[in-house]
Amino acid sequence: MRRFRIAVIAIIAAAAGSLFLPGQASATPYPETWLPDSGLHTYCFTAGFSSSIDPGTGTYAMSILDSTTDMTISNLGACSASTTDVWWWSLDLAGTIRGQAECIVFSGSVCDSADVRIDFAQIDIGDNDIADRDKTSVHEIGHTIGLGHHSPAAHNCAMISGEIPSLDIIWRRYDAHDISHINAQF
Ligand SMILES: [Zn+2]
Ligand SMILES: [Zn+2]
């Protein structure tokens, strides 16, 4: 009798373990950076970004945010300090930095206006340049809506650091876990 009870407990423990681990593996906190001022995320291209090697990567990242989350995207055309949430820049960043996001104007605890800076020359070192630009753009916009860096130990998404490991689309997208955080906020 005693042996039977022990066996049953062991099976329940194993089942609970297998159910729990996938959820735990994908979890990341939110926000990890800062929150934008609303679910309407407006953007503009500076002159340097418009005339860069690939302004389409900025359009790509904004459209991914628009189509995969509850946030709404609007291209304001001209950059305006008072109304634009994200300014896109093409710059030669320090050292080997490929992209950068920085909140320039905080309104209390939320960000009114952020810069996204892309260093195309750095991104284009190595393989898969076009997809790597798109990953970097989705990644930097991710920082402007609260996402930090996600290692494959958490889940696979655009918030990994560095080169994309492959052309798999998951490296140019937010994970379902990221999207659930964003949609719960906006
Ligand atoms: Zn980053
Ligand atoms: Zn993620």
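Heads up: the structure comes first, above all this text.
Numbers given to residues run from 1 along each chain, matching the order in which its sequence is written. The naming scheme follows written order: chains are lettered A onward, ligands numbered 1 onward. Where totals are concerned, whole chains, interfaces and linings use all residues; where local detail is concerned, this predicted model gives features only for residues with pLDDT of at least 70, and gives and counts side-chain atom pairs only at 80 or more. The basis for every side-chain value is the complete set of heavy atoms in the structure, and neither hydrogens nor water enter the calculation.

*Asks:* Help me get a handle on the overall build of the chain, residues and values and all.
*Replies:* The helix count covers DSSP runs of H or I at least four residues long, the strand count covers runs of E at least two residues long, and both are numbered beginning at the N terminus. Along the chain, the regular secondary structure elements total six helices and six strands. For the chain, the α and β elements follow one another from N to C terminus as α-β-β-α-α-β-β-β-β-α-α-α. Exposure categories follow from relative accessible area, calculated using a 1.4 Å probe and restricted to protein chains: below 20% of the type maximum is buried, above 50% is exposed, and the middle band is partly exposed. By residue count, 42% of the 186 residues in the chain fall in the buried class. Pairs of residues are marked as contacts when any of their non-hydrogen atoms sit within 4.5 Å. Within the chain, contacts between residues at least 6 apart in sequence are counted, and of these 71% link residues at least 24 apart. Residue burial considers only the protein chains on display, and all accessible areas are found by Shrake-Rupley using a 1.4 Å probe. Roughly 9300 Å² of accessible area belongs to the chain as shown, and the carbon and sulfur atoms make up 61% of that amount.

*Asks:* Outline the packing of aromatic side chains, supporting the account with residue identities and numerical values.
*Replies:* Any two rings among Phe, Tyr and Trp, with Trp reduced to its six-membered ring, count as a pair given centres within 6.5 Å; such a pair is stacked if its planes are under 30 degrees apart, edge-to-face if over 60, and tilted if neither. For the coordinates displayed, the defined rule picks out seven aromatic pairs. Between F49 and F120, the aromatic rings sit 6.0 Å apart at their centres with planes inclined by 35°, giving tilted as the arrangement. With F49 in helix 2 (residues 47-50) and F120 in helix 4 (residues 120-123), this pair connects stretches of sequence that are 71 residues apart. One exposure class covers both F49 and F120, and it is buried. With 6.2 Å between their ring centres and 15° between their planes, W87 and W89 make a pair best called stacked. In this structure W89 comes out as partly exposed when scored by relative accessible area, which is 27%.

*Asks:* Run through the coordination of the zinc ion (ligand 2), naming residues and quoting values.
*Replies:* On the protein side, the zinc ion (ligand 2) has H150 (ND1), H155 (NE2), C157 (SG), D178 (OD) and D178 (OD) as donor atoms, found 2.0 to 2.7 Å from it. Ligating atoms shown are N, O and S within 2.8 Å of the metal, or 3.2 Å for Na, K and Ca, and water is not included, meaning a site may look less than complete. Between the donor residues of the zinc ion (ligand 2), the gaps in sequence give the motif H-x4-H-x1-C-x20-D. Within this pair, whereas H150 is found in the loop between helix 5 (129-144) and helix 6 (176-185), its partner D178 is found in helix 6, the two being separated by 28 residues in sequence.

*Asks:* Requested: an account of helix 6, with residues and values cited.
*Replies:* For helix 6, every residue scored as buried is listed here: H177, D178, I179 and I182. In protein, a polar contact requires one atom able to donate a hydrogen and another able to accept it; more generally it is a pair of N or O atoms within 3.5 Å, and residues adjacent in sequence count only if both atoms are side-chain atoms. Sitting at the head of helix 6, D175 places a side-chain oxygen 2.8 Å from the backbone nitrogen of H177.

*Asks:* Can you break down the nonpolar core residue by residue, with the values?
*Replies:* Residues W88, I141 and Y174 are the most contacted members of the largest nonpolar core, which totals 33 residues. In terms of residue count, the dominant contributor to this core is helix 3 (residues 56-68) (five residues). Not counting residues up to four positions away in its chain, the partners in contact with Y174 are I64, L65, T68, V138, I141, G142, L147, C157, M159 and I179. Only buried residues count toward a nonpolar core. Its members are Ala, Val, Leu, Ile, Met, Phe, Trp, Tyr and Cys residues joined through side-chain atoms within 4.5 Å.

*Asks:* Help me get a handle on the pairing of strand 4 (residues 86-90), residues and values and all.
*Replies:* Pairing between two strands requires that DSSP report at least two bridges joining them. In terms of strand pairing, strand 2 (residues 40-45) meets strand 4 through three bridges, oriented parallel. When the sheet's bridge partners are listed, C44 is paired in strand 4 with W87. Pairing geometry for strand 4 and strand 6 (residues 110-118), over five bridges, is parallel. Paired with W89 across the bridge in strand 6 is R117.

*Asks:* Can you explain the side chain of D85? Please cite residues and give values.
*Replies:* Here D85 shows up in the loop between strand 3 (72-75) and strand 4. Charge assignment: positive for Lys and Arg, negative for Asp and Glu; neither His nor the chain ends contribute. Salt-bridge detection follows one rule: a side-chain nitrogen of Lys or Arg within 4 Å of a carboxyl oxygen of Asp or Glu. One buried charged residue, D85, forms no salt bridge at all, with the nearest opposite charge on R117 at 15 Å. A polar atom in the side chain of D85 sits 2.9 Å from the backbone nitrogen of T42. Sequence-distant contacts of D85, defined by excluding residues within four places in its chain, comprise D37, L40, H41, T42, D112, S113 and A114.

*Asks:* Kindly report on the packing of helix 3 against helix 5, identifying the contributing residues and their values.
*Replies:* What describes two packed helices is the angle between their axes and the distance between those same axes. Note on geometry: axes are C-alpha line fits, over the in-contact stretch for helices, and angles between N-to-C directions span 0 to 180 degrees. The contact between helix 3 and helix 5 brings their axes to 8 Å, and the two run at 55°. Taken together, the axes of helix 3 and helix 5 lie oblique to each other. Viewed along their axes, helix 3 and helix 5 form a crossing whose handedness is right-handed. Counting all contacts with helix 3, which are made through T57, G58, Y60, A61, M62, I64 and L65, the residues of helix 5 involved are R133, D134, S137, V138 and I141. When the residues that make up the contact of helix 3 with helix 5 are grouped by side-chain class, the tally is seven nonpolar, three polar and two charged. The cut-offs work like this: below 35 degrees is roughly parallel, past 145 is roughly antiparallel, 65 to 115 is roughly perpendicular, and the gaps in between are oblique. By definition, turning the near helix anticlockwise from the far helix through less than a right angle yields a left-handed crossing, and turning it clockwise yields a right-handed one. When residue character is reported, Ala, Val, Leu, Ile, Met, Phe, Trp, Tyr, Cys and Pro are called nonpolar, Asp, Glu, Lys and Arg charged, and the others, Gly included, polar.

Scope: geometric values only; no functional claims are made or implied.
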